[in-house]
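# Secondary and tertiary structure notes
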Amino acid sequence: MKLLIRALFIIACCTTYGCVQTDAPLQPTATPSDCVILLHGLARSSDSMEEIEQKLKALDYIVVNQDYPSSEYPIATLAEKFIPPALEQCRAHNIRGIHFVAHSLGAILVRQYLSVHPIPELKRVVMLAPPNKGSEVVDHLKQLSFFVWLNGKAGAELGTEPTSVPNSLGPANFDVGVIAGTSSINLLLSLYLPNPDDGKVSVDNTKLEGMRDFITYPVSHPFIMKDNEVIAQIIYYLQHGQFVHPHP
């Protein structure tokens with residue numbers, strides 16, 4: 001069964017993107033010594049990352065799909081309370097390497113934690129639609145009571161001002177690839193955003209100084225983590241430190 005999964009992965013990558021221009025092998029190479037921590041986005045739950053979880057487990061990764069109450073605490077508190085238990089679960093398996101796959105706010109939690117704590121086993125991070133420079137949606141709506149009720153203090157910290165949490169964390173000093181969406185299903189919120197955008201964050205604001213690779217897909221913010229092509233790119237990045245870019 002694993003051989004079939006690997007064969008399908010190779011065919012899907014070459015058919016969709018063209019065979020990558022690299023000497024690295026395309027087939028999955030995960031071993032039980034690799035652990036991946038999944039972090040969902042704002043006002044979501046670990047259920048939203050379940051498809052990624054199942055596909056990583058099928059490739060023999062140890063996966064910790066960490067749930068956290070995104071609307072109950074500020075970003076710094078969320079990072080300090082919920083990333084350490086996920087790291088402990090990974091380390092309980094005597095792993096050698098730890099990766100993160102994080103959607104939206106989850107990516108900012110990773111940056112926040114790494115700005116304070118080193119993770120000696122850290123290998124690679126994939127961020128999905130991260131508001132790395134904040135979001136203009138937050139700038140316009142954070143003063144409204146319904147926004148705070150729905151998104152909490154962490155949501156209000158995701159603005160674009162220089163003092164916002166994302167803009168205070170500095171460039172990446174770790175191996176990270178970013179996948180951004182270019183399609184919106186929320187045309188109202190897109191009115192606040194520079195094009196292209198995914199309905200919550202503009203493509204430009206997902207970019208992070210120091211990132212190793214970057215790619216976009218025509219998917220929206222709420223569904224980027226469920227897209228099969230995006231998941232294939234996540235897996236490839238975890239294994240090779242780059243995405244599969246189409247031939248020019």
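Chains are numbered independently. Their residues run from 1 in the order of the written sequence. Local features in a predicted model are, by the rule used here, given only for residues with pLDDT of at least 70; side-chain atom pairs are given and counted only at 80 or more, and totals for whole chains, interfaces and linings are based on all residues. Computation of side-chain values: all heavy atoms of the structure, hydrogens and water removed.

## Focus: the overall build of the protein chain
Just so we agree on the cut-off: Secondary structure follows DSSP: runs of H or I at least 4 residues long count as helices, runs of E at least 2 residues long count as strands, and numbering of each begins at the N terminus. Exposed residues in this analysis have more than 50% of their type's maximum accessible area, buried residues have under 20%, and partly exposed residues fall in between, with area computed by a 1.4 Å probe over protein chains only. Note on contacts: a residue pair qualifies if any of its non-hydrogen atoms lie within 4.5 Å across the two residues.
The helix and strand inventory of the protein chain stands at 10 helices and six strands. Classification of the 248 residues of the protein chain by burial places 53% in the buried group. Looking at the protein chain alone, contacts between residues at least 24 apart form 74% of all its contacts between residues at least 6 apart.

## Topic: the side chain of H99
Put simply, the test is: For the purposes of these results, a polar contact is taken to be a pair of N or O atoms within 3.5 Å, where, inside protein, one atom must be able to donate a hydrogen and its partner to accept one; residues adjacent in sequence count only when each atom of the pair is a side-chain atom.
Along the chain, the position of H99 falls in strand β3 (residues 97-103). Reaching out from H99, the side chain makes a polar contact with the backbone nitrogen of R124 at a distance of 3.3 Å. Not counting the four nearest positions on each side in its chain, H99 is found in contact with D34, C35, V36, I37, Y61, K123, R124 and L238.

## Points about the packing of aromatic side chains
In plain terms, the rule: In this analysis, rings of Phe, Tyr and Trp, with Trp reduced to its six-membered ring, are considered paired at centre separations within 6.5 Å, and the interplanar angle assigns stacked below 30 degrees, edge-to-face beyond 60, and tilted for intermediate values. A ring is considered to have a charge above it if a Lys NZ or an Arg CZ atom is located within 6 Å of its centre and within 35 degrees of its normal.
The final tally for this structure, using the stated rule, is two aromatic pairs. Where Y68 meets F82, the ring centres are 6.5 Å apart and the plane angle is 40 degrees; that geometry is what we call tilted. With Y68 in the loop between β2 (62-66) and α3 (75-91) and F82 in helix α3, this pair connects stretches of sequence that are 14 residues apart. Ring centres of Y237 and F243 lie 4.9 Å apart, and the angle between their planes is 40 degrees; this geometry places the pair in the tilted category. Classification of Y237 as buried rests on a relative accessible area of 0%. Residue classification places F243 among the buried positions, given a relative accessible area of 1%. The aromatic ring of F214 is capped on one face by K207, whose charged end is 5.2 Å from the ring centroid.

## So, the state of the cysteines
Disulfide: a covalent bond connecting the sulfur atoms of a pair of cysteines. Definition in use: Any cysteine sulfur atom paired with another within 2.5 Å is treated as part of a disulfide.
By the definition in use, this model includes one disulfide. Through a disulfide, C35 is tied to C90; the S-S separation comes to 2.0 Å. One quick way to see it: the torsion about the S-S bond of C35 and C90 is about -65 degrees, and its sign makes the bridge left-handed. Here C35 is found in strand β1 (residues 34-39), whereas its partner C90 is found in helix α3, with 55 residues between them in sequence.

## Considering the sheet that holds β1
Our working rule: One bridge is not enough; two strands pair if DSSP finds at least two bridges between them. Axis definition: a line fitted to C-alpha atoms, limited for helices to the stretch in contact. Angles are taken between N-to-C directions and run from 0 to 180 degrees.
The strand order across the open sheet built from six strands is β2-β1-β3-β4-β5-β6, with neighbouring strands paired in parallel fashion. Among the strands making up the open sheet, the edge pair consists of β2 and β6 (213-217). On average, each strand axis in the sheet is inclined to that of its neighbour by 15 degrees, with strand direction left out of account. Taken together, the four bridges between strand β4 (residues 122-128) and strand β5 (residues 176-181) define a ladder with parallel strand orientation. Across the sheet, the residue bridging to V126 is G177, located in β5.

## A look at the nonpolar core
Threshold: As used in this record, nonpolar core signifies buried Ala, Val, Leu, Ile, Met, Phe, Trp, Tyr and Cys residues forming a set joined through side-chain atoms within 4.5 Å.
Membership of the largest hydrophobic core comes to 47 residues, with the highest contact counts inside it found for I37, F100 and L105. The leading source of residues in this core is α3, at eight residues. Sequence-distant contacts of L105, defined by excluding residues within four places in its chain, comprise G41, L42, Y68, S70, I75, L78, P131, A154 and L158.

## Looking at a negative patch on the surface
Here is the rule: Patch definition: residues above 30% relative accessible area lacking any salt bridge, with like charges linked at up to 9 Å and the nonpolar side chains Val, Leu, Ile, Met, Phe, Trp and Tyr linked at up to 5 Å. Only the protein chains shown count as cover for residues, and all accessible areas are computed by the Shrake-Rupley method using a 1.4 Å probe. The salt bridge definition used is simple: a Lys or Arg side-chain nitrogen within 4 Å of an Asp or Glu carboxyl oxygen. A residue counts as positive if it is Lys or Arg and as negative if it is Asp or Glu; His and the chain ends are not included. By convention, the charge on Lys lies at NZ, on Arg at CZ, on Asp at CG and on Glu at CD.
The grouping of D47, E50, E51 and D67 at the surface amounts to a negative patch. Position of D47 among the secondary structure elements: in the loop between β1 and α2 (50-58). Taking the relative accessible area as the measure of exposure, D47 reaches 52% and is therefore exposed.

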